[in-house]
Each structure stands twice: as C-alpha cells, then as structure tokens.
Amino acid sequence: MRYSFIIFLFCATLQCEAQKFVLLDEAIYRPAVYTNHLIEMEKYKKFFPVEVKDIPQFLKVLEEIENRLSESKDKRPVKNYKVGCSEFVGRVFPLASGERIDYIITSTCEGIKIKMHLCDAKIGNADNLYFIKTWIKYIQSNRKQKIRK
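Reference entry: report on the structure contained in this document. Note on numbering: residues in each chain are counted from 1, in written sequence order. Two thresholds apply to this predicted model, a pLDDT of at least 70 for residue-level local features and 80 or more for giving and counting side-chain atom pairs, whereas whole-chain, interface and lining totals are computed over all residues. As a rule here, side-chain values cover all heavy atoms of the structure and leave hydrogens and water aside.

Here we look at the packing of aromatic side chains
So, point 1. Side-chain rings of Phe, Tyr and Trp (the six-membered ring for Trp) are treated as a pair once their centres are within 6.5 Å; stacked means planes under 30 degrees apart, edge-to-face means over 60, and tilted covers the remaining angles. Tallied over the full model, the rule gives five aromatic pairs.
So, point 2. The interplanar angle of 90° and the centroid separation of 6.1 Å between the aromatic rings of Tyr-81 and Phe-88 together place this pair among those described as edge-to-face.
So, point 3. Linked through ring pairs, Phe-48, Phe-58, Tyr-81, Phe-88, Phe-131 and Trp-135 together constitute an aromatic cluster.
So, point 4. Counted as over-ring charges are cases with an Arg CZ or a Lys NZ within 6 Å of the ring centre that also lie within 35 degrees of the ring normal. For Arg-30, the ring lying beneath its charged end belongs to Phe-47, and the centroid distance is 4.4 Å.

Examining the pairing of strand β3 (residues 47-51)
So, point 1. Relative accessibility under 20% of the residue-type maximum defines a buried residue, over 50% an exposed one, and the middle range a partly exposed one, all with a 1.4 Å probe and only protein chains included. Numbering of helices and strands runs from the N terminus; a helix is a DSSP stretch of H or I covering at least four residues, while a strand is a stretch of E covering at least two. In terms of burial, β3 is largely enclosed, as five of its five residues are buried.
So, point 2. Here β3 shows a buried face lined by Phe-47, Pro-49 and Glu-51 and a second buried face lined by Phe-48 and Val-50.
So, point 3. Pairing between two strands requires that DSSP report at least two bridges joining them. Inspection of the sheet shows strand β1 (residues 21-25) paired to β3 by five bridges, in the antiparallel sense. By the bridge assignment for β3, Leu-23 is matched with Pro-49.

Below you can see the structure in the form of structure tokens.
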C-alpha cells in the first residue's frame, strides 16, 4: 500500500506542468504572477506577459536597450528584437540637444495582444534608463514568487 501511494505521488508530479507565462506589472507595483493561461483581463490589469522560458533572453534585450540609452552621443539606429511572443520596436528621434529613444513592446501570446511603452521619447533618456534598470531588478527579484492556476 505504501509503495502504491509513493508511485501515485511520483506519477502525479510528472504530469504537473510548470507555469508557462510570467505576468509582469507595467508599473512595478505588484509582484509578478506565474500562470499557465492568459485571459483578456491581463491587458486591463496592466500586466505584461512573457514566456517563462524566454526570461533570460528578455533580460538580455533589456540590458542591450539600457546600454544604448546610456550611450549619450551614439548615432546608430536602434535595433528591433523578437523574444518568444514579445517584440521590441524602437525608434530614434533626433533633437538639437541629442537624440531620444522610443521603444514599444508588443506581446502576442495565446491570441492576446498587449502593448507596453518601454521607453518614451517624450521624456529624457536618463529617466527611461532609470525605469529600465528598475524593471530589470523587478524581473530578477520576482522570479518564481507567486503562482496562480
């Protein structure tokens, strides 16, 4: 009897799925949420979905954007990125005092399309840089903390 219970527990754990998505709060106010399925309400709750398996690559892209923002007099065009179901689209706006960078992230996971303004050209690159650094720390500190079915 005891062995059959242990075998049952072992089989049950093999069938459990790991969470497929992490929902990141756009305002960095609430903790990240891990889930298997997305619903349309995530858009209105201001959660941005990223596939869990793509988090390391997502962080690398954010770090590249952070480096680009910290380079003050760089005249190269910005790069666009595709990470899993997330797409980063960037633009450069030349100004007399320098340039401003604008990035919009679009996530199209499970048929749900959510957009987030990552860098806004209306504000300075220093403020955008501060937000991206803070968002990277937020993502790193919220790895696998809260699980929702």
